Amino acid sequence: MENVGPWLPDVAEAPVGLAVSGGGDSLALAWLAKRWRHHVVAFVVDHALRVESAAEARLTARRLQVMGIDARVLKLAPFPEGRLQERARDARFEALEEACVEAGCLDLLVAHHLHDQDETVWMRQHAGSGPSGLAGMEAVALRGRIRIVRPCLMLPPERLRATLRAAGLAWIEDPSNQNRRFERVRWRQDLSSTQRDHAREWQVAAQVLRCSEDRKLARILAESAVWHSAGWVHLKPDGIKDNTIAALIRLVSGQRYRPSREQVQALVSRGQGTLGGVMMRPAGRFGDGVMLVREERAVEGLVAAKAGVLWDGRWRGAADALPADGMIGALGEGAFQLDARRLRLPVSALRTLPALWRNGQVIGLPDVLEGIGTVPFVWAGGVPVTGERGSMT
């Protein structure tokens, strides 16, 4: 655990969160975590995809409570059909992040293990990923307001199951883990020991290369890029390179993944255009080079105004209380009432800032507009400009 720290003090006000499905891997992690730290809280997600799921979640919560672990069941709302595992994963981590924040958890432990890593690397190799993908899941990754920590990535699943057997603990077997309709299950069942060895060799090599590329990228950004608090970037001519543009598009958009190498190369060749929900164009009055600004037509629509709401995947409302009938959405046409030049902002950046709306009228501007904005918003893209957030597999 020291290798994936640092950790907050072991106090009730800041417990460590545990994502527990009830399967052998996550239950073993919970048992180990309770031996490592007094203050932990487990979150059991009921995806509501099978009739047995609610009963299994309650059973898992009881087993955790017998271990002396505070357990809370999170039931997911229905989500659209199609891309089932991807949608379930996204909904699961949204619920886990919200539960962690409510419980005071900065860190969430998940039980991904060595075989999960092997399968991830092979899936990404099959999809044609470069070093960023082949480096696999990170042991520590940011997701919104929490850290995702994977302390078992170097452990084979057999050791986790053996731990439970030695402790006399039972676990649940999810039948979907044997369903070959899912790509990951097919890789899990078909990979040979030799292929798993290959995956680990590729991963080590990719991690070394990715670290080297990240250091180069960080140096270029430090010298050539200026990040503005209103969510846009000015990039000087020396910094206009494929990998720099890809990283900044991901940052400005708040998206999980960078655009493809081919798309970025085409954009850099044109010198301007839109890609991945971001507009790149000459910086004009802001100096030489280009600016990267959120594309207005790509932003999220209006959402109900409430404390802590995340809008457009980039801005979080930080006010303790907002009008019950208020909405949060892009400033848009409301920008015409402001002097973008005096605010030292591109009009396009101004239009894509969050604002508080009521009955079609702007009633509150974001406090990043110093001197005129009063509604507190914080940047919450959760995307580091170098490195990867890590797969939420």
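Residues numbered from 1 in each chain as written. Predicted model: local features only at pLDDT ≥ 70, side-chain atom pairs only at ≥ 80, totals over all residues. Heavy atoms only, no water.

Under an unreviewed UniProt entry, the name given to the protein is tRNA(Ile)-lysidine synthase, and the organism recorded is Gluconobacter japonicus. Listed in UniProt under the heading Catalytic activity (unreviewed entry), the comment for the protein reads: "cytidine(34) in tRNA(Ile2) + L-lysine + ATP = lysidine(34) in tRNA(Ile2) + AMP + diphosphate + H(+)". Taken directly from UniProt, the Sequence similarities (unreviewed entry) text for the protein runs: "Belongs to the tRNA(Ile)-lysidine synthase family." (UniProt positions renumbered as here; feature names shortened; annotations may be inferred.)

The antiparallel open sheet is built from 4 strands, whose spatial order is 12-15-16-17. Here the strands that pair on one side only, and so sit at the sheet edges, are strand 12 (303-304) and strand 17 (361-364). With 4 bridges connecting them, strand 15 (residues 327-330) and strand 16 (residues 354-358) associate as antiparallel partners. Paired with G329 across the two strands is A355, which belongs to strand 16. (Pairing = 2+ DSSP bridges. Helix = DSSP H or I, 4+ residues; strand = E, 2+ residues; numbered from the N terminus.)

What follows concerns the side chain of H112. Looking at where H112 falls in the secondary structure, it is placed in the loop between strand 4 (107-109) and helix 4 (114-126). Assessed through its relative accessible area of 12%, H112 is described here as buried. Here the side chain of H112 touches R150 through a polar contact of 2.9 Å, side chain to side chain. (Buried < 20%, exposed > 50% of the residue type's maximum accessible area, 1.4 Å probe, protein only. Polar contact = N/O pair within 3.5 Å; in protein donor to acceptor, adjacent residues only side chain to side chain.)

The subject of this paragraph is the packing of helix 1 (residues 24-36) against helix 6 (residues 157-167). At a minimum axis separation of 9 Å, helix 1 and helix 6 run at an interaxial angle of 60 degrees. Taken together, helix 1 and helix 6 sit at an angle that is classed as oblique. For the element pair helix 1 and helix 6, the recorded crossing hand is left-handed. Contact residues: G24, D25, L27, A28, W31 and L32 in helix 1; P157, L160, R161, T163, L164 and A167 in helix 6. Looking at side-chain class alone, the contact of helix 1 with helix 6 contains 8 nonpolar, 2 polar and 2 charged residues. (Axes fitted to C-alpha atoms, helices over the stretch in contact; angles between N-to-C directions. Parallel < 35°, antiparallel > 145°, perpendicular 65-115°, else oblique. Left-handed = near helix turned anticlockwise from the far one by under 90°. Contact = heavy atoms within 4.5 Å. Nonpolar A, V, L, I, M, F, W, Y, C, P; charged D, E, K, R; others polar.)

Summed over the entire model, instances satisfying the criterion amount to 6 aromatic pairs. Seen in terms of ring centroids, W7 and W36 are 5.0 Å apart; in terms of plane orientation they differ by 70 degrees. Their pairing is edge-to-face. Of the two residues, W7 sits in the segment before strand 1 (16-19) while W36 sits in helix 1, which places them 29 residues apart along the sequence. Look at W7 and you get partly exposed, because its relative accessible area is 22%. Members of the aromatic cluster, joined through ring pairs, are W122, W187 and W202. The side chain of R37 reaches across the aromatic face of W36, ending 5.4 Å from its centre. Cation over ring: R147 sits above W7, and NZ or CZ is 5.1 Å from the ring centre. (Phe/Tyr/Trp six-rings, centres within 6.5 Å; stacked < 30°, edge-to-face > 60°. Lys NZ or Arg CZ within 6 Å of the ring centre and 35° of its normal.)

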